[in-house]
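Structural overview for review
Now for the letters of each chain:
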Amino acid sequence: MCNGSNSKGSESSRTSKTQKSSDASKGSHQASRTTANSQSSKQKQNELGIKMAQLGLFGRNSEIKVIRKCLDDVVATGKNKLLCISGLSGTGKTALAATVANAVAKKKGIFSMGKFDQKLRGEPYAGIAAAGRHICGEILHLKHSNEHMGSLSFEGIQETIIKELGPELATLVLILPEIEDIVGTSSEFLAQDDGQGGNNGGNKERLNGAIRTFFRTVASFFKPLVMVLDDIQWADLPSIDLMEVLMTDNLSTNFMLIALYRSNEVDDTHIVSKFIRTLDEKEDEYDYDTTKIEVGDLKVEQIEEILANLLHIPSYRTSDLAEIVHRRTGGNAFFVINFIDMLSNEKLIAYSRAEKSWVWDENQIELETIATDNVVSLLKEKMKSLPSKMQEILQLAACLGASFREEFLSKVVKDYFKESPMKPSELSEWLTKAVTQGFLNIDSVGYKWVHDKVQEAALFITSEQDLQTMRYEVGTILRRRLSRQELDKTLFVVVNLLNIGIGGSMSLAVATSLAELNFRAARRAMRLSGFEIASNYAGVGIGLLPQDCWQSHHDLTLKLYALATNAYGVLGNVETMQVMYDEVLNQPNLSLEERFPLYVSMIESLSGRDVQAAKDLCYDVLEQFNHPLLRGGRKLAIYTRLNLIKKYDKNLDPNLASTLPEMTDKTALAVMKVLSTLLVLVYVSDKRELPQVTLKMVALVNEFGVCDEAANGYAYRGGMASNLKVIDAYAKFTQTVMERSKDRYSKAATKMYLGCLQSFTHDIRSVQKGYYENYHYSSQVGDIQMSLYSFMMVLYYELVSGRSLRAAADETRETIRNIKSMNRGWQVHLMSIMFQVILNMQGQSEDPLVLKGEAIDEALLDPEASGGLDYTLLHGFKGIIFTFCGNHRANAEETLEKMPFLVDAISGNAIAFWFQIYVAISCLHCARSCGKRSSKYRRYGKETSKKTKTWIAQGCPNLKQLDLLMDAELAVLANDPAKACRVYRRSVEVGKKVHRPNDAGLASERLGEFLLSINDKDGAKAALLEAMDLYSLWESDYKVESIRSKHEELLRPVSVLRQD
C-alpha cells in the first residue's frame, strides 16, 4: 500500500514509477492505495465531494493567449476579427471561447453566444437568432437597470437602431422578434412590411442587410461586440452566407466573430470549409483578420494538473490516476471532467476524515470503470441516479432544443404531469438543481444545456420508442397551450416535434392539421430565405395529405404544392419543380386564379435559364387572362401599334397620376404582374416587343387604376419616347405613381428607371444624386441588382459631369470592394470597366487607349458575357477615351460601326446619346481629311448636332457646351475660322459655367489645335494652357501631361527659349 500522507513516516509516497513497474514485473498485485493530505482551508469545503464547478480551464494556456490577443487587437484597432476554433466534440471549444467573456464585459462590450442544434436543423438562422436574442437582452438590461454607458443610454441606443434600420425593422423582426421589446411594438416601421415584398433573392438580401445593420449599430455602442456561434457544422446555408456578409461589412468595426466547429464532421467539401477558404481569400480586401485554433485532446500531464487542482496535491502524485482517466476517456476534456465527477459520485475517489486526505484505489477504479466507453453513457448513468421526476423534467427540456425558456417548459410540465400536478416553484427548484449539478447554464435569455452531449444523454434516458412518444406529446402540448403569437416564435421547434409522430397511428383530422402547420413553417422558412428547409416542410405537408386531397382539402393542397414549386424553383431543382408544377396544372376544374401562383414561380425560374421559354409562358398566361399580345417576329403588326402610343403620349397628363384609383381588380393585378416581368424579358431579348407591352400596361392603368407595377410600365414607355417633353411628362407621372406604391422593392426598380428618364431633362448632377440615393435605398430593401445598376449610373455621370477623377476612383474602388462579397460577379465586371476608364483618364495605365490596369484587361473580356452588355459599354466608353485622347480615326472607324448596337442595348437612357456626341466630335474631325468617308462622317456629325439642338430646345440642360463644340467643328469644315474660334471659346465658357471642366478642357484643347493649324501660335498656346488648367481641375494627370509633352516647345517659357 502506498501512502500519500505528508507525515514523516510516509516516505513510501515518493516511490518512483520505476519501482512500481519493477514491483509489477515481479507479479506484485498488491492494491495501490494513494492518499494526500489537505493543504488548505479550502479543502475542508470539499469533504463531501469534489467541487467540479470550481475547476478552471486546464491545458489550454497557449490557446487562451491567442484568443485574448485577438480580443485585444479588436479593442485596440477596431478592426474586425474572425476566430475559428475547431476540434472534436468535448475538447473544450466553447469553454475556450468563453474565457474572454469577463474581459468583454469589463470593456463595456457584449459577449453573445448562439448554437446550431443538430436536432433543430429545420430552423433558418437559428444560431444567429439565439445570439441576437442575447444582444437584445443586454440592451434591455440597460433599460430596466437605468444604467448608462458614459453619455449613452437605452434611449440613445433605441433611437439609433430605429434611425439606422427604419423600415427594415419589419424585416429584422422576422428573425429577431425581441427587437419589438427595444423599439416598441407600436413602432410605425414594424407594421410597414410583412416580409413578402420583392422576389425570393431580394428577401434574402434584405434580411441580410437588416441583420448586418443591426449588428453594425450595436457594435458602435458596445465595444467590442463578440458573437460566438457554436457547432456551425450544423448551420444552414443562409446562416453561413450571413456570417460572410457580417465579416465583409466594411462599415462595421469592433466586431469579433468566433466560429466553433467539429473538425471530424467538416471535410474539404463541407460548406464550412468553403466559408473559411472564402474569408481567407477576402481578408486583405475587406481589412479584417482571421485566426484559427485547433483544440486537441488533453495529454496525461494536463490531466495530472486537473486532478492536482481538484485534490489540492502536487501533480506528480496523481500520475497513475491520470493515466487511468486518460485511458478511459481518450483525453477528451468534457469526458475527463465527467469521468472524474463520476469517480467522486461513486466514491471511487473519496475524502477520508480519518486521514484528512483524498483516497482512491487504482485497481478498483480500473475494474469498475471498464464499461465506461463514452461520455453520453456516463451522463445517462448519472441522470438515472436522480429522482424520477427530475429525470423526466430533464428529458422534457431536452425536447425543446439546445436552449429553452422556463415559461415554455412550464406549459409542457403542467399538462404532462396532470395526474400529479407540479407547482411553478417546484419546477424552478428542479431547474436550479440541474444548474447546480452541471447539466444546465442560465443567462438573461433562458436555460442552455452545458453541452450537446448532456442534452443527448437527457433525451435518451429512456428508450428511443418512449422518446419519440414524448417528443410528439411535447409538440402536441405546445401546439395546444401556446398562443398564436407564441407559436409563431417557436414554430419550427413545435413542427419538428410533431413531425416525429408521422408514421404512427394518426387520424385524418390530426394529419391534415399537421400538414397545415408544415405549410406555415414552410412559408416562414421561405420568408427567411431558407428555401431548402421550406421545400422539406412542404414535402412533409404534402406527404400528410390524404389520397383524395384535391377534393377533400383543396385549398391546403394547392398552397403546399404552390409553395413547393416556388421553393424547388429557387433552389434550381428543375426536375422536382416540374413534377410539382404538373401535379397542379393537371387538376381538372382548377381556376386560372388558382394556377396563377404556379405560373409566376415557373416564369421566375425560367427567366434565369431560358428567356425565350419565360417569354412564351408570359404570353400563354396573358392569353388565358384574355389579354393576348402579339409574339416576337411580327414587326409590322407590332409597329402598327406605335401610332396608338404616340397619340396617347401627346395627351398624357402627369397630374392624373394622383387622381387615379387603386387597382383592385384581381385579373388586372395578375396581368400587370405578368406584364411587369415580360417588360424586363423583352428589354433584354427583343425590344421590338416593348411598345405593345407598355401600351397594355398603360391601358390597364387607365381602366382599373394604379398598382405597384404601374410605375415601371410608365418608366419604360417614357424611355421609348423621342420627344423630351413627352419623356418629362412620363417621368413626372412615374414619380407620382411610384410614391403611391407601398412595395419598397418595386420602388427600387422604379427609382432606377426614373433616373434614366430624368437624365434627358434634369441636370446630370441632380440625376447622379438620385442614383446615389437609390444605390443605398435598393441595397437596404434587398434589391442588390438595382443597387449595383444605380451605382454604375453614378460612375457614368461622374465621368461625363467632370467631377474629380481622383475622388471618383477612390469611391469606386471602395464600392467594388464592398459589393464583391455579394457574389454579383458580372455587375462588378461592368463596374470595373467604368473604373478602368476613370483610371485611364487619370493616367493610371500604360496605354490610355487600352483598358488594362488595376480594374480590368480588355483583352480578356468575353463578348458574350453579361448578354454582351459589358462589350457594349466597353466600346461606348472607349469612344469617350478616343475623343479626349485625340484618337479620332479609331473612334470614327471602329466605334461608329458599333453605335447602332450600342444605342439599342442601352436605349431609354441618355447615356447612349452622350456616347453618340463624343463619337460625332471625332467624326467631324476626321471629315476634314478622310476622302471618300468624309461625307459619311460629316453626315453623322450633322445628324447628331441636329438632334442635340432639338433636345436643347425641348429642355435638356446638359448638352449646350457639347452642342457648341460640334458647331465649332462644323464651322471648321465650312472653312469659317472666325466663327470656329468664336464658337470654340463660347463652348469653353459654357463648360466652365456649368462646371464641366472635362468638356471645357476638350473645347479649349480643340481650339488650341485648330489655332496651331492656322499658325496662330500665341492663341494656340493660350488655349492649350487653359486646357491644361481645366484638365487639372478635372484631375486628369494624363491629359495635362499629354498636352505638355505634345507641345513642349510651344509651351516652353519665353525665358527658356531665349537661353536656347
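See above for the structure.
These lines cover the structure that appears in this document, whether it is placed above or below. (Residues numbered from 1 in each chain as written. Predicted model: local features only at pLDDT ≥ 70, side-chain atom pairs only at ≥ 80, totals over all residues. Heavy atoms only, no water.)

**As for the sheet that holds strand β10 (residues 440-442)**
Heads up, the condition is: Pairing between two strands is assigned when DSSP locates at least 2 bridges connecting them. Secondary structure elements follow DSSP: runs of H or I no shorter than four residues count as helices, runs of E no shorter than two count as strands, and numbering proceeds from the N terminus.
The 3 strands lie next to each other as β9-β11-β10, forming an open sheet whose pairing is antiparallel. Of all the strands in the sheet, just β9 (403-404) and β10 have a single pairing partner and so form its edges. Pairing of β9 with strand β11 (residues 447-449), which is carried by 2 bridges, proceeds in the antiparallel orientation. The residue of β11 that forms the bridge with Phe 404 is Tyr 447.

**What to know about the sheet that holds strand β3 (residues 110-115)**
Adjacent strands of a sheet pair through backbone hydrogen bonds, lying either parallel or antiparallel. The condition is simple: Axis definition: a line fitted to C-alpha atoms, limited for helices to the stretch in contact. Angles are taken between N-to-C directions and run from 0 to 180 degrees. Residue contacts follow a heavy-atom distance rule, with two residues in contact if any of their heavy atoms lie within 4.5 Å.
With respect to topology, 5 strands assemble into an open sheet ordered β3-β4-β5-β2-β6, the strand pairing being parallel. Two strands in the sheet have a free side with no partner beyond their single neighbour: β3 and β6 (289-295). The mean angle between the axes of side-by-side strands here comes to 15 degrees, regardless of whether they run parallel or antiparallel. As paired strands, strand β2 (residues 81-87) and β6 are joined by 7 bridges and run parallel to one another. Bridging across to β6, Lys 81 finds its partner in Asp 289. Each of β2, β4 (225-230) and β5 (255-262) is contacted by helix α11 (residues 237-247), which is oriented at about 150 degrees to β5, the strand it contacts most.

**Section: the nonpolar core**
Which entries qualify depends on this criterion: Nine residue types can take part in a nonpolar core, namely buried Ala, Val, Leu, Ile, Met, Phe, Trp, Tyr and Cys, and a core is a set of them joined through side-chain atoms within 4.5 Å. A simple rule labels every residue: compare its accessible area, found with a 1.4 Å probe on the protein chains alone, to the largest value its type can have, and call it buried under 20%, exposed over 50%, or partly exposed in between.
Ile 161, Phe 214, Phe 215, Leu 409 and Trp 449 are the most contacted members of the largest nonpolar core, which has 320 residues in total. Ranked by the residues each element gives to this core, the list is headed by helix α40 (residues 784-800), at 13 residues. The contact partners of Leu 409, leaving out residues within four places of it in the chain, are Ile 393, Leu 396, Ala 397, Leu 400, Phe 404, Leu 427 and Leu 431. Among the nonpolar cores identified, the runner-up in size contains 20 residues, and Ile 67, Cys 70, Leu 83 and Val 226 belong to it.

**Remarks on the pattern of salt bridges**
Spelled out, the test is: A carboxyl oxygen of Asp or Glu within 4 Å of a side-chain nitrogen of Lys or Arg is what we treat as a salt bridge.
On inspection of all chains with the given rule, the structure shows 45 salt bridges. In this structure, Lys 666 and Glu 593 form a salt bridge, with 3.7 Å as the shortest nitrogen-oxygen distance. On the criterion of sequence distance, the pair formed by Lys 666 in helix α34 (residues 666-685) and Glu 593 in helix α30 (residues 592-607) is long-range, its members being 73 residues apart. Grouping residues by exposure puts Lys 666 and Glu 593 together as exposed. What you see here is one network of salt bridges that share partners, running through Lys 115, Asp 231, Arg 262, Glu 265 and Asp 452.

**What to know about empty space enclosed by the protein**
Think of a ball as big as a water molecule: rolled over the atoms, this probe shows where empty space is left. Formally: Only protein atoms enter the 1 Å grid used here, on which a cavity is any set of points holding a 1.4 Å probe that cannot leave and a pocket is any open set flanked by protein within 12 Å on both sides along at least five of seven lines; residues with an atom within 4 Å of a point are listed as lining. Grid points are joined across faces, edges and corners, and a volume is the space filled by probe spheres set on the points. Polar here means any residue other than Ala, Val, Leu, Ile, Met, Phe, Trp, Tyr, Cys and Pro, which are nonpolar, and Asp, Glu, Lys and Arg, which are charged; Gly is therefore polar.
On inspection of all chains with the given rule, the structure shows 5 cavities of 30 Å³ or more. Taken as a whole, the largest cavity encloses approximately 50 Å³ of empty space. What lines the largest cavity is Ile 128, Ala 129, Gly 132, Leu 172, Ile 175, Leu 176, Ile 211, Phe 214 and Phe 215. Looking at the lining of the largest cavity residue by residue, the class counts come to 8 nonpolar, 1 polar and no charged. In this structure, the second largest cavity spans a volume of roughly 40 Å³. Looking at the second largest cavity, the residues that line it are Phe 116, Asp 117, Leu 120, Arg 121, Glu 123, Ala 126, Trp 234 and Asp 236. A class-by-class count of the residues in the lining of the second largest cavity yields 4 nonpolar, no polar and 4 charged.

**Quick notes on the pairing of strand β8 (residues 357-361)**
In terms of burial, β8 is a largely internal element, 4 of the 5 residues being buried. As paired strands, strand β7 (residues 349-352) and β8 are joined by 4 bridges and run antiparallel to one another. In the sheet register, Ser 352 faces β8, and the bridge partner there is Ser 357. Between β7 and β8, which pair antiparallel and follow one another directly, the connecting turn spans 4 residues, one of which, Lys 356, has a positive phi of 55 degrees.

**What about the side chain of Ser 934?**
By the element assignment, Ser 934 lies in helix α46 (residues 934-953). For Ser 934, the contacting residues outside a window of four places in its chain are Cys 926, Ala 927 and Ser 929.

**With respect to unusual backbone geometry**
Cis geometry is adopted by the peptide bond preceding Pro 224, which originates at Lys 223 and carries an omega value of 5 degrees. Here Pro 224 shows up in the loop between α10 (200-221) and β4. Located in the positive-phi region is Asp 287, a residue other than glycine, with phi close to 60 degrees. Inspection of the secondary structure puts Asp 287 in the loop between α12 (271-286) and β6. Its identity as a non-glycine residue notwithstanding, Asn 626 has a phi of 65 degrees, on the positive side. Mapped onto the elements, Asn 626 comes out in the loop between α31 (611-624) and α32 (635-639). Among the residues examined, Asn 626 registers a relative accessible area of 65% and is labelled exposed.

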